[in-house]
Amino acid sequence: MEHIVIIGNGISGVTAARHIRKLSDKRITIISAETEYFFSRTALMYIYMGHMKFEHTQPYENWFWEKNRIELKKGFVTHINDASKELVFANGETMNYDKLIIATGSKPNKFGWPGQDLDGVMGMYHKQDLETLEKFAPNNKVCKRAVIVGGGLIGIELAEMLQSRDIPVTFLVRENSFWNGVLPAGESAMINEHIKEHHIDLRLGVNLQEIKADEHGKVKSIIIKETGEEIACDVVGLTAGVSPNVDFLKESNIELGRGVKVNRMLETNVKDIYAIGDCAEQHEAIGNRRPIEAVWYTGRMMGETVAQTICGNPKEYNPGHWFNSAKFLDIEYQTYGWVFGERGRPEYEQHFHWKHPKKHLCITVAFHKETHEFLGINTFGIRMRHHAFDKWLTEKRSVEYVLAHLADANFDPEFYKLHEKDIVAQFNQEHHTNILLKKRSWKRIFQFS
Amino acid sequence: MKAIQHIGLSLFLAGLAIFTILPFIGSYELSTEKLDEIVQNKGIKSELFVKNLQESTVGKEFSTPFTFSSNIVSAIEDANEKHEANQEWDKKIWEKKHSFSYAIAKDIGAGPVRENKGLFWFLTFGLGIIGALLFIIPQLYLKPIPGIKNNGIWHSAATNRGWIGWFVFLFLVGFYILLYFFPDYIVNWTYIVDPISQSISGNMASQWFLYGFLYCVVMVVMGIRMYIKYRHNKYQMLRTTSVLFFQIAFAFLIPEIMVSLEMPWYDFKNAFPLDYDFFFEWNLKTLVNSGFIGIFILVWGTVLTIVVVPVMVYFFGKRWYCSWVCGCGGLAETLGDPYRHLSDKSLRAWQIERWLIHGVLVFAILMTGMTLYAYFMEVDTVFGIKTQLVKDTYGFLIGSIFAGVIGTGFYPIFGNRVWCRFGCPLAAYLGLVQRFKSKFRITTNGGQCISCGNCSTYCEQGIDVRAYAQKGQNIVRSSCVGCGICSAVCPRGVLKLENGPDDGATRHQVPEVILGNDVNLFEMLEENK
Ligand SMILES: Cc1cc2nc3c(=O)[nH]c(=O)nc-3n(C[C@H](O)[C@H](O)[C@H](O)COP(=O)(O)OP(=O)(O)OC[C@H]3O[C@@H](n4cnc5c(N)ncnc54)[C@H](O)[C@@H]3O)c2cc1C
Ligand code: SF4
Ligand code: SF4
C-alpha cells in the first residue's frame, strides 16, 4: 500500500490527510514536532485569555485519527533523503515514504536585533511560545510591561492577549498607521483609534533598535531607534511577520526560495514530494496573490487540492476569489475580492468608503474606475455573506449592482440595525447615481450557494 | 469600581449567609387546641395519629423545624403503618408527609422571622439583590467597550469547576432537595415572602410561591448581567427581555392572580409534555370543574402542544420556545450563562443525550396515554401497572430530580442546559420537528471558519458547531436551542441563525470542498460523482 507521509500537523497537512482518506485507502502518516494532535493555531490567543483550554482548540477528538487510520508520529524531521525516499528524525530514527507532503508552516521573523534571543523575548506562533508567555507574563506583577514589535495581525492579537491580564502594552509599529500596507487609510485610522481606546500604548512609525538584558540574561528594556527612548519591560513579543519554516531542508535536493518552491500542481522539483500551506512558495504569483500565502484558508485549500492530485485526479492549485478575515480587538474584519491600501494599489482601482458616524463600523468598496466592475469589499463591524460576494465576483457584477443587492449579503445576526440604506444613499450622493436598494430576497440568497 | 464590586460581593454573601441560617431560627409549638383545629380542618380520622402527636409534640417547644417535623412525619408513618395492617383505609393519611408537616409548621411557627418579615426580606433578598447589582453593574465601567469578553473564564474557580463551582453546586443541590422534599424545613423562607404573596393573591406564600419569586428575582438580576455583557448584540438583548417577560408575567403573576380570582393555577406558556401533569386525572378534574376558564385552559393546553408548538418550530426553530419563552430556558440563559461552556462536546455525550432525552419523551407519552386511558375507563391499573406508581416515579425521577436537582444544581459542573439537553421531553419533541421540518438553520459563512473552537466551547447544548462550520456545512441539529451565542462569540463572523426556505438542499448541503477554491474544482467534483 502506498505510504503518504505528511510533515506538519497544521491545517494544510491535516486537510490533505483527511481528503486523501476520503478519496483512497492509502496508508497515511502525519509527523509533527509540536503537538501530538492537531490544534487550531488561530486559537492560541484564546487559551492565554482564558476563553478556552488547549483541548478546545483541537478540532477533532483524539479517537478520530485511529478511526480514520491516520497514523500520528511525534518527532522532528532533520533530513530528507529523496534518493532512498527516507526521512531522518532528530533522534536518529528513520521512516520511509512513497509520497511526501511538506506542510511545515512558518516561523516568526527575527531581523537580527541585538538581544532577540534573550529570556522573555518570544514570537507567537507555536504552542511552545504560549508556554513561554505563560512563564514570563503570568500576570501584571511578574510582567509590568510588555513591548510588541511589529504591527500585523499576530501583533494585535498578542496585545489583546496581554491586555486581558491587565498587563500594560507598548506596541511598536514600523508603518505610520496600523496595517496600512493592506488597509486603506480610513480603515487603518479607525483601527489606530480603537487600539488607543483600549489603552494600548501604540507607537507608529518606529523601529526596534535593541533589546537590553538584565544581569540574569533576561530582557530588561528596549530602545527605540528613531527616538533613542528606552522602555522598561519584562516581555518582548516579536511579531514582525512570519517566514516559511524550511531550514531543515537546506541540505536536501529540494529547491528553496524563501519557502519550498512549487508549481501549480504543488509539486516540488523532486518527484513525489509536494509542499502546501505556509511553507509553499509559488514560482509565480497567482493573480493578485503573493507567492507565499501564510493564511489558514489557503493552507486548507492547498490541502484539498493536493489530496486530489495524490489520489489520481491531477489538479492545479487554483484558488478562487480572495477572502480573509480577522478581528482587531473588538472590531471584526472581513474582506472579499481585492481592496488595496495605498501601497500596490492599481491605478484603475477606485474606492467608495462609508463609515458610521459614531460606531466603529465601516466598509470600503473597490471598483474599476472606468468599467465600474466590482473588485472587492472590506467590512469592519458588519458581517457579510461569503457566497454573495464570491458569486458577484465571478459574474463580474458592477459596483451599482452590488450596492443595490447589498441587503442580500448582510450576515449580521438577526435584529441588528442595517446600514445598507445609508451606504447606498452616500454612494448615490457622491457619484450622482440613482441606485435603489433592493429588499433582501431569499430566492437570490439561495442562488448563491 | 473594583472596590464597589468588592462591597457588592460582601453584601451578596452576607445576604446569602443570612438566608442560609434562617431555617435554624425561631420556635415551633403545637398546642392541643391547634391540633384539634388541624384534625377538624383536614378531616383526620386517625386517633392514633393524634395520640402519637400528643405524646411526642404537643405542648413542647422546638427550636428548629427539624425535630418538630420529624415528629409529625413519624406520627403519620406510625399511624399509617398500623391502619394499613388493619386495612383501615379511611383512617390512613394520604397527604405527602412533609407537605402535611409543612402546613402545620407554617401555621404555628414563631420567632423573629415571622414577626419581622419585611426586615428579614431585606436582609436576605434585599442584600442579595443590592450586592449582586453592585457587583454586576461596574462591569459597564471596567469594560467600557462592548464586545465579547470571555476573559479568564477558564481561569476562575467559579467557572472552571473549581472549588467555588463545587460550592455553588452543593448549595443549589441542597436548596432543591429542601424545596422539593422537605418544605417543612424552610417555612422561615416562605414567611419572608408572605407579604408579597398576600398582595398578589391574598394567600400566604407556599414553598412554590417562594420558588417562583426567587426564580424571577434571580432571572432579573442575572438578566441585567446579560444586558451588560451582550449590549452590542441585539438578538441577545431581545431574547433576554422576552424570557424575563414570560417568566414574570406568564409563569409568576398571571397564575397567582388567577388563583386570587378562584381560578386554577395555570402557566399559559408551559406546554405539555414539559408540563407533564397536564393530562393527569386530578388536573383534568380540576379544569373540568372550573367552568369556562377550565375548559379554555384544557383546549389551549392541547392546542399549544399539538398545533402552536410545531407550527412555530417550523417557522422559527425550537428557539422560539427554548430561548425566548421557556422558564427553564430562561433560568439557563440568565443564571446559567456563566456556566455555558461546561457542557460536554464529545460524541459520547451526544450519544447519551439522544438515548436519554428521547427515552424521557417516550416515558412521558406512555405515562400520559396510561393516565388518559385510566381516566376515561375509570380504572387505576393499565396492563397490571398502577398508574399512580408510574406518575409518582416520573414526578420524582424526572420532574424533581432531573429537572430540578440535576437540571439546575449541576449548572456549575455540567453546564446550564443539562435538563434541556438530556431530559426535557418537550425539547425532544421540538427537536424532532426542528430536525426534520423547519426553516431554521445556522448558516455557515462559506469558507471563513478558522476552526478556533469558540462556537463549540460556548454552545450550552454541547453541539460541536465547529465540526460543521469548518466543513462549510450548515448546522441543523435537533438539540440547538438557538441561543445565538455561537454566532456571538465567533471571531470571524461565520455563523448566522436564520429562517430560510425549507428545502433540503440549502438547509442540509454538505459541500465537497470549501468555498474559496476555484469554481472549476466544484464542477470537476460534480462530474466525478
Ligand atoms: C497567533 C496566530 C493567529 C493566526 N490567525 C489567523 C487568522 O485569523 N486567519 C488566518 O487565515 N490565518 C491565521 N494565522 C495563520 C495560520 O495559522 C497559518 O497560516 C496556518 O496555521 C498555517 O498552517 P500550516 O499547516 O501551513 O502550518 P502550521 O500550522 O505551522 O503547521 C506546521 C507544523 O509542522 C511542524 N513542523 C515544522 N517543521 C517540522 C519538522 N522538520 N519536523 C516535524 N514537524 C515540523 C510545526 O511544528 C507545526 O506543528 C494565524 C497564525 C498565528 C500564529
Ligand atoms: S467560532 Fe467561528 S471561526 Fe471559530 S470554529 Fe466556530 S465558526 Fe469557526
Ligand atoms: S448551536 Fe449555537 S445557537 Fe444552537 S444551542 Fe449551540 S450555541 Fe446556541
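Described below are features of the structure shown in this document. (Residues numbered from 1 in each chain as written. Chains lettered and ligands numbered in written order. Predicted model: local features only at pLDDT ≥ 70, side-chain atom pairs only at ≥ 80, totals over all residues. Heavy atoms only, no water.)

Before going further, it helps to examine the overall build of chain A. If you tally the helices and strands in chain A, you get 12 helices and 25 strands. Principal-axis analysis of the C-alpha atoms places the extent of chain A at approximately 70 × 60 × 40 Å. Here chain A, with 449 residues, has 59% of them falling under the buried criterion. Taking contacts inside chain A between residues at least 6 apart in sequence as the whole, the part at least 24 apart equals 61%. (Helix = DSSP H or I, 4+ residues; strand = E, 2+ residues; numbered from the N terminus. Buried < 20%, exposed > 50% of the residue type's maximum accessible area, 1.4 Å probe, protein only. Contact = heavy atoms within 4.5 Å.)

Another aspect to go through is the packing of helix H9 (residues 163–181) of chain B against helix H12 (residues 207–229) of chain B. All names here are of chain B. With their axes 9 Å apart at the nearest point, H9 and H12 run at an angle of 145° to one another. Where H9 crosses over H12, the handedness of that crossing is left-handed. Where H9 approaches H12, its residues Phe 175, Tyr 176, Leu 179 and Tyr 180 are matched on the opposing element by Gln 207, Trp 208, Tyr 211 and Leu 214. (Axes fitted to C-alpha atoms, helices over the stretch in contact; angles between N-to-C directions. Left-handed = near helix turned anticlockwise from the far one by under 90°.)

So, about the site of ligand 3. As a structural note, the neighbourhood of ligand 3 is formed by Ile442(B), Cys459(B), Gln461(B), Ile463(B), Val465(B), Cys480(B), Val481(B), Gly482(B), Cys483(B), Gly484(B) and Cys486(B). Grouping the amino acids of the shell around ligand 3 by side-chain chemistry returns eight nonpolar, three polar and no charged. (Near = heavy atom within 4 Å. Nonpolar A, V, L, I, M, F, W, Y, C, P; charged D, E, K, R; others polar.)

Another aspect to go through is the interface of chain A and chain B. In this complex, chain A contributes 66 residues to the contact, which on the side of chain B involves 68 residues. Approximately 5400 Å² of surface area, both sides summed, lies buried where chain A meets chain B, with 50% of it carried by carbon and sulfur atoms. For the pair chain A and chain B, the number of links is four salt bridges. One salt bridge in this structure joins Glu157(A) and Arg492(B), with 3.7 Å as the shortest N-O distance. Here chain A is connected to chain B by 32 residue pairs in polar contact (both at pLDDT 80 or more). When residues of the side of chain A that touches chain B are assigned to their parent elements, the largest contribution, seven residues, is made by helix H7 (residues 296–310) of chain A. For the side of chain A that touches chain B, the per-class residue count stands at 23 nonpolar, 25 polar and 18 charged. (Buried area = accessible area lost by both parts, 1.4 Å probe. Salt bridge = Lys/Arg side-chain N within 4 Å of Asp/Glu carboxyl O. Polar contact = N/O pair within 3.5 Å; in protein donor to acceptor, adjacent residues only side chain to side chain.)

With that settled, consider the packing of helix H1 (residues 11–23) of chain A against H7(A). Residue and element names in this part refer to chain A. At a minimum axis separation of 7 Å, H1 and H7 run at an interaxial angle of 30°. Relative to H7, H1 is oriented so that their crossing is right-handed. Counting all contacts with H1, which are made through Ile 11, Ser 12, Thr 15, Ala 16, His 19, Ile 20 and Leu 23, the residues of H7 involved are Trp 296, Gly 299, Arg 300, Gly 303, Glu 304, Val 306, Ala 307, Gln 308 and Ile 310. Broken down by class, the residue content of the contact of H1 with H7 amounts to eight nonpolar, six polar and two charged.

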